[in-house]
2 protein chains.
Amino acid sequence: MQHWIFDREAEMLASWQEAMPTARILSRSEVSNIPGGEPGILWCRLRSGEAMDDVLSAIHGAPRYPLVLFCDEPSDAIVMKALEAGAAGCCNTHAAPEVLRQVALVVGNGGLWVGQSLLRQLVGSTARTLGQRSREEKRDDWAQLLSEREVQVARLVAGGASNKEVASQLSITERTVKAHLGAIFEKLSLRDRLQLSVRVNGLTV
Amino acid sequence: MQHWIFDREAEMLASWQEAMPTARILSRSEVSNIPGGEPGILWCRLRSGEAMDDVLSAIHGAPRYPLVLFCDEPSDAIVMKALEAGAAGCCNTHAAPEVLRQVALVVGNGGLWVGQSLLRQLVGSTARTLGQRSREEKRDDWAQLLSEREVQVARLVAGGASNKEVASQLSITERTVKAHLGAIFEKLSLRDRLQLSVRVNGLTV
DNA sequence: TCGGCTATTGAACCAAAGTACAGTCCGCCG
DNA sequence: CGGCGGACTGTACTTTGGTTCAATAGCCGA
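So, a few notes on the structure that sits alongside this text. Bear in mind that the values here come from a model prediction, so they are computed numbers and not experimental data.

Some thoughts on the protein's contact with DNA strand D
- Close contacts around DNA strand D come from 20 residues, with Lys178(A), Arg193(A), Ser147(B), Arg175(B) and Thr176(B) the closest.
- Across the atoms of DNA strand D situated within 4 Å of the protein, the share located in sugar and phosphate is 62%.
- The set of elements that each furnish at least two residues to the surface near DNA strand D consists of α9 (163-170) and α10 (174-188) of chain A together with α7 (148-158) and α9 (174-188) of chain B.
- Here the surface near DNA strand D is built from residues that sort into 4 nonpolar, 7 polar and 9 charged.

Quick look at α10(A)
- Counted at 1.5 Å a residue, the expected span for α10(A) with its 15 residues is 21 Å, and the 21 Å between its end C-alpha atoms agrees.
- The first or second residue beyond α10(A) is Ser189(A), which carries a positive phi of 55°.

What to know about the sheet that holds strand β4 (residues 67-71) of chain A
Residues and elements named next belong to chain A.
- Spatially, 5 strands are ordered β2-β1-β3-β4-β5 in an open sheet, and the strand pairing comes out parallel. Two strands close off the open sheet at either side, each with one partner strand: β2 (24-26) and β5 (89-92). Between one strand axis and the next, the sheet turns by 25° as a mean value, whatever way the strands run.
- Examined bridge by bridge, strand β1 (residues 2-6) and β2 share 3 bridges and lie parallel to one another. In the sheet register, Trp4 faces β2, and the bridge partner there is Arg24.
- Sheet contacts for helix α3 (residues 76-84): β3 (40-46), β4 and β5; angle to β5, the most-contacted strand, approximately 150°.

Digging into the pattern of salt bridges
- In total, this model carries 10 salt bridges over all chains according to the counting rule given.
- Among the ionic pairs, Glu165(A) bridges to Arg191(B), the shortest N-O distance being 2.4 Å. Taken together, the positions of Glu165(A) in helix α9 and Arg191(B) in the loop between α9 and α10 (193-200) put the pair across two chains.
- Residue Glu165(A) is classed as partly exposed on the basis of its relative accessible area, which comes to 31%.
- Arg191(B) sits in the partly exposed class, given a relative accessible area of 37%.
- With a closest N to O distance of 3.8 Å, Arg191(A) and Asp192(A) form a salt bridge.
- If you follow the salt bridges from partner to partner, you end up with Glu165(A), Arg191(B) and Asp192(B) in one network.

What about the environment of Ser15(A)?
- Here Ser15(A) is to be found in helix α1 (residues 14-19).
- On the basis of relative accessible area, Ser15(A) is assigned to the buried category, the value being 15%.

Scoring rules and cut-offs
- The residue numbers shown here count from 1 along each chain, following its written sequence.
- Labels are handed out in written order, letters beginning with A for the chains and numbers beginning with 1 for the ligands.
- Selection of residues for local features in this predicted model requires a pLDDT of at least 70, selection of side-chain atom pairs for listing and counting requires 80 or more, and totals for whole chains, interfaces and linings are taken over all residues.
- Note: side-chain values were computed over all heavy atoms of the structure, leaving out hydrogens and water.
- We call a residue near a given molecule or strand whenever any one of its heavy atoms falls within 4 Å of it.
- Secondary structure elements are defined from DSSP: runs of H or I of at least 4 residues count as helices, runs of E of at least 2 residues count as strands, and each element is numbered from the N terminus.
- Only Asp, Glu, Lys and Arg are considered charged in this grouping, and only Ala, Val, Leu, Ile, Met, Phe, Trp, Tyr, Cys and Pro are considered nonpolar; every other residue, Gly among them, is considered polar.
- To estimate how far a helix should reach, multiply one less than its number of residues by 1.5 Å.
- In short, DSSP must find at least two bridges between two strands for them to pair.
- Fitted lines through C-alpha atoms serve as axes, helices being fitted only where they are in contact, and the angles separating the N-to-C directions of these axes extend from 0 to 180 degrees.
- In what follows, residue pairs with any heavy atoms lying within 4.5 Å of each other are defined as contacts.
- Whenever Lys or Arg places a side-chain nitrogen within 4 Å of a carboxyl oxygen from Asp or Glu, that contact is recorded as a salt bridge.
- Exposure categories follow from relative accessible area, calculated using a 1.4 Å probe and restricted to protein chains: below 20% of the type maximum is buried, above 50% is exposed, and the middle band is partly exposed.

Quick look at the structure:
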């Protein structure tokens, strides 16, 4: 499996090198150098601020290998657009080597690579369309793992409150707030209040 | 990576054996024999005519490993249902060993496995909806007040990243991240990263 | 009644976040 | 040209967040 990586600048990242030792990095004007025939994947980097259309049109003349987009700032909207434009996948430019290898494996076998968050969203939105389960059940799964008091603390913290503010609102000491937060982090396997916020507010991460 | 396979009858298929030589096959009553702790995957076979609810409830008491459903008669509807029930994936009972290895790889790393046809369908059917939604909730008012670089920092922090992680991703020092954050807080009249997360992720406080 | 869970709090500690006060380098614009 | 804003970095500092040792007290089911 041969890999060709396109970037505005011929800059090989360490993670790429590790995941694809035989990869060749090319500037976009060197598209015509790619041979056809052997199995391979095209990777194309979309840097911050670049227009996807420009990037895609730049490699328009390349042989028909599966295309994976490297996004400096990935978002579900970008992934969707890339897939609609015919790409086989889209992943973070700075993804870990193991992830890249996995992407290559899937895409190389004719599959599509979709990030976790988008996949969850797709599954969720279709489920809603089919009108089966309520979306609240999944959103509140974190709440079901916590005690009543912990849920109160979690909601306030996720809304942006400091420990002191939570303490004041609930008429307890800051120390107790910390104790509750510790229990919450433990139960939900979270690192800090930021991740709690993300979890509670249902962000796609 | 340890694999446990559940089936009504303890019948190990050749393809399973080849893909997962160390797998242990168990009848559904032996759920309690599974240890926790080591990394692993539960595979559970849904034979023709069996009710998914019965199968899933049978392994209800098992430790929390990712679950993959083996379907004798897979359909997109079944896959959707399995994912909704919390499974990490669903594939044909008689899938080729290479496919099984790939499923194991993805699921073992915390991913979801969705078959190609369903994935294509999901992408196609929800493209419009998703695009619209992301356009609506875009609410770039915060982004328009910030410089390009600050938007990058804001997105990463709002997603739950620490200063160190942001610094690593953007290849700058932690100090610079703090500088950007300071400017962001000033411009958006925010107090800390938590409030930033709330603002960026569009919570209705 | 006893063990387990929850709620509460304290002291002490370390790490992370954020601020204050600096500076350099670059491109743009009047 | 000189001023301005953005990106970037440094040292030193304060504040907040989170953890590790505790402890007390109430409730509930076995």
